[in-house]
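Reading the structure
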Amino acid sequence: MLTRHLVAALCLALVGAASAACVPQTPFAPIAVRLDHSGAIEIWVTECDVEGVSRVEILMPNADRVVDADDPVAWRLDLDPPSMARTYVVGEIPPGARETVEWQEPPPDQRFFVQVVDGGMTTGTGFALGDLADGKVRFELKNMSYGEFLRESQC
């Protein structure tokens, strides 16, 4: 009987760990987001050794708040060949890139999840437009001033 309870507890623990792992967001994701001078979303790749960015996208997570294949894409940029650029702006298409999903106007109070594929590895971070008010930068799960961001994102 004890063994059955132990197995059940371990199964629940594994399911809980797998559920938490569904959101690929870490405090040290090498991604920063802010609004540029025109109000467009600007995405920075802060990785010190960029291998080559092949995709940048902004997802609109469903109400379950778990990032998955069912989430609508608000914007997607595919880059072939991969780019060594560190900054991407929604609506701007760099040379060699294709905007495969044009910006989709989100519902009010929508939370977003930006994903960047760099060298085959996908990293990302969540944000809301309100996080970016007053020139704030969203980086490492915090909203900060541009100056703070420059200090914290140094290689």
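From a predicted model like this one, the values you see are computed outputs, not experimental measurements. (Residues numbered from 1 in each chain as written. Predicted model: local features only at pLDDT ≥ 70, side-chain atom pairs only at ≥ 80, totals over all residues. Heavy atoms only, no water.)

Considerations on the overall build of the chain
The following threshold applies: Think of it this way: any DSSP run of H or I at least four residues long counts as a helix, any run of E at least two long counts as a strand, and we number them from the N terminus. Exposed residues in this analysis have more than 50% of their type's maximum accessible area, buried residues have under 20%, and partly exposed residues fall in between, with area computed by a 1.4 Å probe over protein chains only. Residue contacts are defined here by distance: any two heavy atoms, one from each residue, within 4.5 Å place the two residues in contact.
What the chain contains, in helices and strands, is 2 helices and 10 strands. Ordered by position from N to C terminus, the α and β elements of the chain give α-β-β-β-β-β-β-β-β-β-β-α. Split into buried and exposed, the 155 residues of the chain put 39% on the buried side. Within the chain, contacts between residues at least 6 apart in sequence are counted, and of these 57% link residues at least 24 apart.

Notes on unusual backbone geometry
With an omega dihedral of 10°, the bond running from Asp 80 to Pro 81 counts as a cis peptide bond. Among the structural elements, Pro 81 can be located in strand β4 (residues 73-83). For Asp 109, which is not glycine, the phi torsion reads 60° and is therefore positive. By secondary structure assignment, the location of Asp 109 is in the loop between β6 (97-101) and β7 (111-118). Since its relative accessible area comes to 80%, Asp 109 is described here as exposed. One non-glycine residue, Leu 141, adopts positive backbone phi at about 65°. In this structure, Leu 141 sits in the loop between β9 (137-139) and β10 (142-144).

With respect to the environment of Glu 57
Note the threshold: Polar contact is the term for a pair of N or O atoms within 3.5 Å; when the atoms are in protein, one must be able to donate a hydrogen and the other to accept it, and sequence-neighboring residues count only if both atoms are side-chain atoms.
Here Glu 57 lies in strand β3 (residues 53-59). You can call Glu 57 buried: its relative accessible area is 7%. Expressed as a C-alpha distance, the spacing of Glu 57 and Gly 124, which sit 67 residues apart in the sequence, is 9.4 Å. In this structure Glu 57 touches Val 73, Trp 75, Arg 76, Phe 113, Val 114 and Gln 115, once residues within four positions along its chain are discounted. A distance of 2.8 Å separates the side chain of Glu 57 from the side chain of Gln 115, its partner in a polar contact.

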